[in-house]
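Spelled out, the chains give:
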Amino acid sequence: MKKLNCFLFLLSVFSQLLFSQQKKEKTYREIRDYYQKMTIDDVRAMPYVRLYIQKAKKEKNFSKLIQGYRDARQFDLNNKTKYADSALTISLKYGTRDDISKEYLSKGIIYYFYQKKYRLALNDYLQAYQYSKGSEDQYHHYKVIYHLGIVKEHLGYYEEALKHFEESGNFYSSQIHKNQHENIQFNYKKAYFNSLHQMTVINRYLKNFSKSDSLSKVGYDLTKNDNDFLLENSYFLKCMGISKFLNQNYAGAQSDLEKALPNILKRNDFAWVSVIYYYLGKIFEVKKEESKTITYYSKIDSIFEKHQFIQPEIYRSYNYLIEYYKNKDVQKQLYYTNQLLKADSLITRDYPYLSHKLHKDYDRNKLIEQKEDIEKKSRTRILISQVLIFSGVVVLIFFVIRIRKDQKIKKQYNLLQKRIAEGTYNTQDITNEESEEYSLRKTSISPEMATEIKEKLEKFEKELQFVKKGITQKSIASKMGTNSHYLSVYINENKGMNFNKYMAELRINYITTLLNTNSKYLNYTIEALAEECGIAARQNFSKLFFEINGIRPTDYIKKRKQELKIS
């Protein structure tokens, strides 16, 4: 009897021990509960993530293994690419088309957000799009659409990008009030807030300021006091700060930007951090606090030097740094000049490739897909699909032409500005170019008469008499006490041009100088500018401006306004 009782006792202890050991074996869900709500890039999640991966490997559960690599990619900042590659490798071998699409998208996000490798990012986004065709996962589908919008925003195709963000935002907004698991609800809200933020930014770029302010206020109110969306709240606060700066509410702008900065820094979003530094620098620039301005602009350079990335709207901070160190520190002036040139080169380097790739592999393919769908539904609608394809090609050609035209305009504008800055713009140094050699030339007018005409022409130019309308060679000669023939001979021999060319260059040089030195003229109509310099017709003015400056007046004014940041 004693032996039986002893056996039963040992059996009970062993069973409890066995049960206890089995109880320690956590389920996948229990392991993920430890870290599921941790902030992105919080490395404290990694011990649990590794436990999740080990369990999946041990059980050869490939769907769970893919999830484990995804979680590792989310939390391990220094090894994101490694885990993204692992997740993609397993997905290609064992996963569904949705799995593969998600991994390509995630790799693209790493390239774009963390590394600013736009070419690699776009390639992966397009792969994600191809694998997502026909998917029932609408959340992921619109996520791909959203990130293609991000690329278009980077390229400056703001109207097109806005359509992407509105499309994704409308979808995510329609889902957030449905009865579903809290994790799914969280993902939909986060995606909606991201779309809303991008709509806010794009509307500011498009100068739809009231719309931008309205969207940022909506986003800020929706995320306020919500610990799950502190980062998103900071993004909206950042937008509000920039808006206040543009409205010259510098105290309010500084407060909002400084409050937004910590969470964005914590997220390691150096792109938006640099924008915040730029506007804080601008605030102190307005206040004429040079040391603080230099501090913030120098931080932008530190980010640029570390990540080889700079936003187009902020690289002009280098102009301030260059001017500040002029005549103070030649080495720093030279350094920041080189940095500005490098920034400009980086901004334009990927533009043609990304533009061509995006429209060729996404926009045009999308039109082709629409064509195929139409053909399946009705043969009678083939004509419509052909029109769509043709439109896609036209759009592609338009963008290529626009890129080349913009590059040519920029080059010509820079050359003209360089001539103005160097003091070599005035036509052949019109008032001072005559040398002693001219008096020795064999000419039909005497040296005494040449000297007299020269002095009177200099007075004519200095007093801006050429801006009067209707003046002719005969009227000028009469006023100078000479005749048209002698005046014509002098101008041909000493200016190297005929009378009409001489007058045109005087007038265009004069109006170009006004446009470059006095911003009020940038708001004049072409007719008013022609009137100002004495040219009778708008068409004639534009033609002469282009012939002499190599750029149309409308393009010059647009570039000059961009340079001066005048809307």
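Read on for an overview of the structure. (Residues numbered from 1 in each chain as written. Predicted model: local features only at pLDDT ≥ 70, side-chain atom pairs only at ≥ 80, totals over all residues. Heavy atoms only, no water.)

**A look at the nonpolar core**
Part 1: Among the nonpolar cores identified, the biggest contains 84 residues, and Ile 264, Ile 310 and Tyr 318 are the most heavily contacted of them.
Part 2: Element by element, the count of residues in this core is highest for helix α14 (residues 270-286), at twelve residues.
Part 3: By size, the runner-up hydrophobic cluster in this structure holds 41 residues, among which are Leu 416, Ala 450, Leu 487 and Leu 544. (Core = buried A, V, L, I, M, F, W, Y, C linked by side-chain atoms within 4.5 Å. Buried < 20%, exposed > 50% of the residue type's maximum accessible area, 1.4 Å probe, protein only. Helix = DSSP H or I, 4+ residues; strand = E, 2+ residues; numbered from the N terminus.)

**Thoughts on the side chain of Ser 91**
Part 1: The topology assignment puts Ser 91 in helix α5 (residues 80-94).
Part 2: Look at Ser 91 and you get buried, because its relative accessible area is 0%.
Part 3: Those residues in contact with Ser 91, other than ones at most four positions away along the chain, are Ile 66, Asp 99, Ile 100 and Glu 103. (Contact = heavy atoms within 4.5 Å.)

**Some remarks on the packing of helix α8 (residues 138-155) against helix α10 (residues 182-205)**
Part 1: Running from amino to carboxyl end, α8 crosses α10 at an angle of 25°, the nearest separation of the two axes being 11 Å. As judged from the angle between their axes, α8 and α10 are roughly parallel. When you trace α8 past α10, the crossing you get is left-handed. Where α8 abuts α10, its residues Tyr 139, Tyr 146, Ile 150 and Glu 153 lie against Asn 187, Tyr 188, Ala 191, Asn 194, Ser 195, Gln 198, Val 201, Ile 202 and Tyr 205. (Axes fitted to C-alpha atoms, helices over the stretch in contact; angles between N-to-C directions. Parallel < 35°, antiparallel > 145°, perpendicular 65-115°, else oblique. Left-handed = near helix turned anticlockwise from the far one by under 90°.)

**Digging into helix α25 (residues 526-533)**
Part 1: Listing the buried residues of α25 in full gives Ile 526, Leu 529, Ala 530 and Cys 533. Within α25, the buried residues cover an arc of 100° as seen down the axis, which keeps them to one side.
Part 2: At the C-terminal side of α25, Gly 534 shows a positive phi close to 90°. (Arc of directions from axis to C-beta.)

**Some remarks on the side chain of Thr 512**
Part 1: Here Thr 512 lies in helix α24 (residues 499-517).
Part 2: With a relative accessible area of 0%, Thr 512 lands in the buried category.
Part 3: Discounting chain neighbours no more than four positions away, the residues touching Thr 512 are Leu 416, Ile 420, Tyr 425, Phe 545, Asn 549 and Tyr 556.

**Details of the packing of aromatic side chains**
Part 1: Here the structure, examined in full by the defined rule, presents 36 aromatic pairs.
Part 2: With centroids separated by 5.7 Å and ring planes inclined at 80°, the aromatic side chains of Tyr 35 and Phe 75 adopt a geometry described as edge-to-face. Of this pair, Tyr 35 sits in the loop between α2 (28-33) and α3 (46-59) while Phe 75 sits in helix α4 (residues 62-75), and the two are 40 residues apart along the sequence.
Part 3: Classification of Phe 75 as buried rests on a relative accessible area of 1%. (Phe/Tyr/Trp six-rings, centres within 6.5 Å; stacked < 30°, edge-to-face > 60°.)

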